[in-house]
Amino acid sequence: MIQKIDKQTVRAAVEAAYDRCKEEQGGKNADYIPYLAGVPSTLFGIAACLPDGDVVAVGDTDYVFGIESVSKVPTAILAMDQYGAKEILDRIGADATGLPFNSIMALLLEKEHPSTPLVNAGAISACSMIRPTGDADGKWRAIVSFIADLTGSEVEVIDELYRSETATNFNNKSIAWLLKNYARIYDDPELSLDLYTRQCSLGVTARQLAVMAATIASGGVNPLTRKEVFKPGLAPKITSMMATVGFYEHTGDWLFTTGLPAKTGVGGGIMGVVPGVMGLAAFAPPLDEAGNSVKAQRALAYIAGRLNLGVFGTTRCVMAEPEPAPQA
Ligand SMILES: NC(=O)CC[C@H](N)C(=O)O
């Protein structure tokens, strides 16, 4: 069955989600990265980017926050674009770990297989693969310009966040060297980890994440700029990875509840992809114990339910074509 929705329906859902969730008090800012503990906890924004590039936005959707693990998505796509999806499957994998994002145990259990580019181990491995290998500046330029193409606007590192994260990323250092031990890192471990830390420290807005999600939803064509950012065949690959592990050990519960492929970050952002239809994003800093924003989850779950956006149902939700302008 096809269910047509229009821009007004989306706006009404986004506004209702904001109103219903704005008083939610659950969760706590991440504090293992000191910068994140200081971000105002009451910030809250929701954005939806439609196929015509229009963004429906409510709340703090222009506040610049740390992209954190949502950055694992663009780097995974870039790696697949550079090497082909099959090589990423072979070298990194596409499985869930069922464990926290920074789990060393996951790496020990699956020695030669970091599982997926959407957890820390696989993401550091993906950073190591980004071409031109061995060239830290060249790799960084490749990652940042790819993210800018996905969002249709510039992105910059939040210096204080980068310093804060670099000063405290001991666990990730262990992961990088364990990857080296198991021959699952494809460039210098320190260089790869620094790239990963820098990409996590990029500042983005909920509006930008919604455009990134919409670019994935439309098979790699940015709806704002109309640029073809990545090969269309990669959209279902990244969307399936997001569906598999986007909320770490809570992914199954999320997918069961919403049917929405999405990816979270400890900065409080969540990006959701409705293939062929739209991109969604929400931002609110307080997190649950798996590191997923409590308020942003509630908001996106509400919108997914109200608009029937789940990808597993028998009803396929599509955007209605806009009415033609009346003839003069
Ligand atoms: N889940 C996250 O957003 C974690 C990202 C963070 N930079 C880390 O490596 O711990």
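Since this is a predicted model, take the numbers as computed values, not measurements. (Residues numbered from 1 in each chain as written. Predicted model: local features only at pLDDT ≥ 70, side-chain atom pairs only at ≥ 80, totals over all residues. Heavy atoms only, no water.)

Caption draft 1: Region of the structure containing the overall build of the protein. Within the protein one finds 14 helices and 10 strands. At 19 Å, the protein has a C-alpha radius of gyration in line with the 20 Å of a compact globule built from 328 residues. Projected onto its principal axes, the C-alpha coordinates of the protein cover approximately 65 × 40 × 35 Å. For the protein, the proportion of its 328 residues judged to be buried stands at 58%. For the protein, restricting intrachain contacts to residue pairs at least 6 apart in sequence, the fraction spanning at least 24 positions comes to 71%. Working note: accessible area of the protein is about 13100 Å², and carbon and sulfur atoms make up 54% of it. The positive charge centre, built from 28 side chains, and the negative charge centre, built from 36, are 3 Å apart in the protein. (Helix = DSSP H or I, 4+ residues; strand = E, 2+ residues; numbered from the N terminus. Rg over C-alpha atoms; globule rule 2.2 N^0.38 Å. Buried < 20%, exposed > 50% of the residue type's maximum accessible area, 1.4 Å probe, protein only. Contact = heavy atoms within 4.5 Å. Areas by Shrake-Rupley, 256 points an atom, 1.4 Å probe, with all protein chains shown as cover. Lys, Arg positive; Asp, Glu negative; His and termini not counted. Charge placed at Lys NZ, Arg CZ, Asp CG, Glu CD.)

Caption draft 2: Main features of the sheet that holds strand β3 (residues 55-59). Taken in spatial order, the 5 strands line up as β3-β2-β9-β8-β7 in an open sheet, and their pairing is antiparallel. Bordering the open sheet on either side are β3 and β7 (262-264), each of which pairs with just one other strand. Direction aside, neighbouring strands of the sheet carry axes that sit 10° apart on average. (Pairing = 2+ DSSP bridges. Axes fitted to C-alpha atoms, helices over the stretch in contact; angles between N-to-C directions.)

Caption draft 3: Structural context of the site of the ligand. With respect to spatial proximity, the complete set of residues near the ligand consists of Y32, E68, S69, F101, N120, E165, N172, Y196, C200, Y248, G265 and V266. The contact in question runs from a nitrogen atom of the ligand to an N or O atom on the side chain of E68, over 2.7 Å. Within the side chain of Y248, a nitrogen or oxygen atom sits 3.2 Å from a nitrogen atom of the ligand. For the ligand, whose accessible area on its own is 300 Å², the fraction buried by protein is 99%. Within the shell around the ligand, the residues separate by chemical class into 6 nonpolar, 4 polar and 2 charged. (Near = heavy atom within 4 Å. Polar contact = N/O pair within 3.5 Å; in protein donor to acceptor, adjacent residues only side chain to side chain. Nonpolar A, V, L, I, M, F, W, Y, C, P; charged D, E, K, R; others polar.)

Caption draft 4: Just the nonpolar core, in detail. In terms of nonpolar packing, the biggest core is built from 79 residues, with L209, F230, I238 and M271 touching the most fellow members. The biggest single contributor to this core is helix α11 (residues 206-217), with 9 residues. When neighbours within four sequence positions are excluded, M271 is seen to be in contact with V70, V73, L209, M212, A213, I216, M242, P261, A262, K263, L280 and A281. V14, C21, W254 and A282 belong to the second largest nonpolar core, which has 34 residues in total. (Core = buried A, V, L, I, M, F, W, Y, C linked by side-chain atoms within 4.5 Å.)

Caption draft 5: Summary view of the sheet that holds strand β5 (residues 156-157). Sheet architecture is open: 3 strands sit in the order β4-β6-β5, paired in antiparallel fashion. Either end of the sheet is taken by a strand with one partner, and the two such strands are β4 (65-66) and β5. In terms of strand pairing, β4 meets strand β6 (residues 202-204) through 2 bridges, oriented antiparallel. Each bridged residue has a counterpart across the sheet, and for F65 the counterpart in β6 is V204.

Caption draft 6: View of empty space enclosed by the protein. The final tally for this structure, using the stated rule, is 2 cavities of 30 Å³ or more. Across the lining of the largest cavity, the residue classes tally to 8 nonpolar, 3 polar and no charged. Its boundaries defined by the atoms lining it, the second largest cavity holds a volume of some 40 Å³. As for the second largest cavity, its lining consists of 10 residues, and the residues nearest its centre are T97, S103, A106, V119 and A121. (1 Å grid on protein atoms, 1.4 Å probe; cavity = no way out; pocket = protein on both sides within 12 Å on 5 of 7 lines; lining within 4 Å. Points joined across faces, edges and corners; volume = space filled by probe spheres on them.)

Caption draft 7: How the structure looks around the UniProt feature "binding site: substrate" (unreviewed entry) in the protein. If you check UniProt for "binding site: substrate" (unreviewed entry), the listed places come out as S69, N120, E165, N172, Y196, Y248 and V266 in our numbering. Checked against the lining of the largest cavity, the annotated residues reduce to V266. Relative to the helices and strands, S69 is located in the loop between β4 and α3 (72-83). Here S69 is in contact with N120, Y196, Y248, K263, T264 and G265, once residues within four sequence places are set aside. Looking at the element boundaries, Y196 is found in helix α10 (residues 189-200). Only 3.1 Å separates the side chain of Y196 from the side chain of N120, close enough to count as a polar contact. (UniProt positions renumbered as here; feature names shortened; annotations may be inferred.)

Caption draft 8: A look at the environment of V221. Within the element layout of this structure, V221 appears in the loop between α11 and α12 (235-245). Along the backbone, V221 and V311 are 90 residues apart, and their C-alpha atoms lie at a distance of 20 Å. Dropping the residues within four chain positions of it, V221 is found in contact with A214, T215, R226, K227 and E228.

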